[in-house]
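Take a look at the letters that make up each chain.
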Protein chains: 2
Amino acid sequence: MSKKIITISRQCGSGGHTVGKLVSERLGIPFYDKKLIEIVAQRSGLTEETIAREGEFAPASLLYSIAMNLSHGYDVRSKGNMILPDQINTFQTELIKELAEKGPCVIVGRCANYILHDRSDCLHVYLHGDMEERKNRVVAEHRVLASEAEAHIRDRDRKRAKHYEHFTDQRWGMAQNYTICLDSSVLGIEKCVETIEALSK
Amino acid sequence: MSKKIITISRQCGSGGHTVGKLVSERLGIPFYDKKLIEIVAQRSGLTEETIAREGEFAPASLLYSIAMNLSHGYDVRSKGNMILPDQINTFQTELIKELAEKGPCVIVGRCANYILHDRSDCLHVYLHGDMEERKNRVVAEHRVLASEAEAHIRDRDRKRAKHYEHFTDQRWGMAQNYTICLDSSVLGIEKCVETIEALSK
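Below: a short report on this structure. Predicted model only: the values in this text are computed from it and were never measured.

## Quick look at the overall build of chain A
In step 1: Counting secondary structure elements, chain A contains 10 helices and five strands.
In step 2: For chain A, with 201 residues in total, the buried portion stands at 45%.
In step 3: Restricting the contact set of chain A to residue pairs at least 6 apart, pairs at least 24 apart contribute 70%.

As structure tokens, this is what we get:
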């Protein structure tokens, strides 16, 4: 069976955005990374910054979440009796299921592999790489200072892992949660794209 | 750079032996699975059964190891001042490094990905799959009773993980320890073989 929905999970700096974009272009299917954040922001009435932060990184403390809820009121588009990270997760989960129903696409991050794990038409990808290569990439592409690159990467990966483990019953980065995992620093971006394209057919 | 040494780590029943053998045949390079056990047995003077059991599964308790050492004497081919699992691990490590030095090959199991992690000419593969598919495979290929298949798989995976974590500083099955991880139950054996072959070139 062809794998028409491709989810991409990734370590910070491993090239997940680039790989996902290239795969979507070669397969001629929609690409959801920042676009997903935009839609959740529109639907929830929260800012894109809030969605980007709370929707993929470690859930904030309960106290912080309650304060955020209070500042937004308890009525974020009818999901008002939940704390903020849970509200955002609910919006994201609904949207990711909708997108998969709609047709072939590439979705980056947001626990999409877990949300869609019951579908048999998905290729769940996890990208990782060695620290040096990832440092170079965040300096070149994310405008992070070289002196801060490693701390930046470790902080984001730690928060992403905590977020994933909060909203799933799985450990982030365990091979068995994905159809295929690739070391982008050993294989290079082009081979990662080719491999995903070949396995999606 | 081409990846001439291919190491294959695997969950029990995920088809690691079959995939490794097919890859070695297609690339025309030696295949070390049972053969590796035979060589370590010859060199150490221990039986193949002992090497198979102690060389990849959880190290036995210290008491058991001491009893085994006593029954073999403290002189297993000059590595006499170590307990048995450590002796076997030392033989295996030496042999795996030798094989990689000698030329292209496929090596299954035995922490080979960790032992060779400093070489840049290796493709480290991890295979996994869903429980149903793995149960079917161990019943068909390993002559395990259907009623005992799941317990057999869980026991072997648990012991393999403990062994790996005892002799490395890594967690078994974490994607970042391997160049590529593949779900053989979703992709099928043939696609796994094709992918490894393509990435080794």
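## Structural notes on the relation of the copies chain A and chain B
For the pair of chain copies, the relating operation is a rotation around an axis with a shift along it.
In step 1: Under the fitted operation, chain A is carried onto chain B by 0.0 Å of movement along the axis and a turn of 180°, and the coordinates agree to an RMSD of 0.0 Å. As the rotation angle and translation indicate, the two copies are arranged about a two-fold axis.
In step 2: A shared binding surface is used by both copies, with 100% of the interface residues of chain A retained as interface residues in chain B.

## Let's talk about the pairing of strand β3 (residues 105–108) of chain B
The side chains of a regular strand alternate between the sheet's two faces.
All names here are of chain B.
In step 1: Residue alternation in β3 divides its side chains into two sets, C105 and I107 and V106 and V108, and both sets are buried.
In step 2: Relative to β3, strand β1 (residues 5–10) runs parallel, the two sharing four bridges. Looking across to β3, one finds that I6 is bridged to V106.
In step 3: Examined bridge by bridge, strand β2 (residues 31–32) and β3 share two bridges and lie parallel to one another. The residue bridging Y32 from the neighbouring strand is I107, located in β3.

## Section: the sheet that holds strand β4 (residues 122–128) of chain B
In step 1: Within the open sheet, the 10 strands sit side by side as β2(A)-β3(A)-β1(A)-β4(A)-β5(A)-β5(B)-β4(B)-β1(B)-β3(B)-β2(B). Their pairing is mixed. Either end of the sheet is taken by a strand with one partner, and the two such strands are β2 (31–32) of chain A together with β2 of chain B.
In step 2: Note: strand β4 (residues 122–128) of chain A against strand β5 (residues 180–183) of chain A, four bridges, orientation parallel. Paired with A:H128 across the bridge in β5(A) is A:D183.
In step 3: Strands in contact with helix α1 (residues 16–27) of chain B are β1, β2, β3 and β4 of chain B; relative to β3(B), the strand with the most contacts, it is inclined by about 175°.
In step 4: Packing against the sheet, helix α10 (residues 189–199) of chain B makes contact with β1, β4 and β5 (180–183) of chain B, and its axis sits at approximately 165° to β4(B).

## Notes on the interface of chain A and chain B
In step 1: Tallying the contact residues gives 16 residues for chain A and 16 residues for chain B.
In step 2: Of all the secondary structure elements, the ones that give two or more residues to the side of chain A that touches chain B are β4, β5, α9 (184–187) and α10 (189–199) of chain A.
In step 3: Residue contributions to the side of chain A that touches chain B peak at four residues, all from β5(A).
In step 4: By residue class, the composition of the side of chain A that touches chain B is nine nonpolar, five polar and two charged.
In step 5: Alignment of β5(A) against β5(B), held across three bridges, turns out to be antiparallel. When the sheet's bridge partners are listed, A:C181 is paired in β5(B) with B:C181.

## Comments concerning the nonpolar core
In step 1: Within the largest apolar cluster, 92 residues are counted, with the highest numbers of intra-cluster contacts made by A:V125 and B:V125.
In step 2: Beyond its immediate sequence surroundings of up to four residues, B:V125 is in contact with B:I6, B:T7, B:I8, B:Y178, B:T179, B:I180, B:L182 and B:I196.
In step 3: Listed in part, the five residues of the second largest apolar core include B:C12, B:V138, B:A149 and B:I153.

## Points about the pairing of strand β1 (residues 5–10) of chain A
Residue and element names in this part refer to chain A.
In step 1: Counting buried residues in β1 gives six out of six residues, a clear majority hidden from the surface.
In step 2: The side-chain alternation of β1 yields two buried faces, one formed by I5, T7 and S9 and the other by I6, I8 and R10.
In step 3: Two elements, β1 and β4, share six bridges in a ladder whose sense is parallel. Looking across to β4, one finds that R10 is bridged to L127.

## Remarks on the packing of helix α2 (residues 34–44) of chain B against helix α5 (residues 84–102) of chain B
All names here are of chain B.
In step 1: Running from N to C, α2 and α5 cross one another at 120°; their axes reach a closest spacing of 10 Å. Judged by the inter-axis angle, α2 sits oblique to α5. Crossing geometry of α2 relative to α5 is assigned as right-handed. On the side of α2, the interface is formed by L36, I39, V40, R43 and S44, while α5 contributes Q87, I88, F91, Q92 and L95.

## A short note on α2(B)
Residue and element names in this part refer to chain B.
In step 1: Within α2, burial applies to L36, I37, V40 and S44. For α2, the buried positions fall inside an angular range of 100° around the axis, keeping them on one side. Residues of α2 that are exposed and point over 90 degrees away from its buried face: K34 and E38.
In step 2: Looking at the buried side of α2, the elements it contacts are β2, α3 (48–54), α5 and β3.
In step 3: G45 lies just past α2 and shows a positive phi near 80°.

## Digging into the environment of A:V19
All names here are of chain A.
In step 1: Mapped onto the secondary structure, V19 falls in helix α1 (residues 16–27).
In step 2: Judged by local crowding, V19 falls into the buried class, with 25 C-beta atoms found within 10 Å.
In step 3: Sequence separation of V19 and I189 is 170 residues, and the distance between their C-alpha atoms is 6.4 Å.
In step 4: Other than its neighbours up to four places away in sequence, V19 contacts I8, L127, S184, I189, C192 and V193.

Parameters and conventions
- Residues numbered from 1 in each chain as written.
- Chains lettered and ligands numbered in written order.
- Predicted model: local features only at pLDDT ≥ 70, side-chain atom pairs only at ≥ 80, totals over all residues.
- Helix = DSSP H or I, 4+ residues; strand = E, 2+ residues; numbered from the N terminus.
- Buried ≥ 20, exposed ≤ 12 C-beta atoms within 10 Å, placed from the backbone.
- Contact = placed C-beta atoms within 7 Å.
- Least-squares fit on C-alpha atoms with pLDDT ≥ 70 in both.
- Pairing = 2+ DSSP bridges.
- Axes fitted to C-alpha atoms, helices over the stretch in contact; angles between N-to-C directions.
- Nonpolar A, V, L, I, M, F, W, Y, C, P; charged D, E, K, R; others polar.
- Core = buried A, V, L, I, M, F, W, Y, C linked by C-beta atoms within 7 Å.
- Parallel < 35°, antiparallel > 145°, perpendicular 65-115°, else oblique.
- Left-handed = near helix turned anticlockwise from the far one by under 90°.
- Arc of directions from axis to C-beta.

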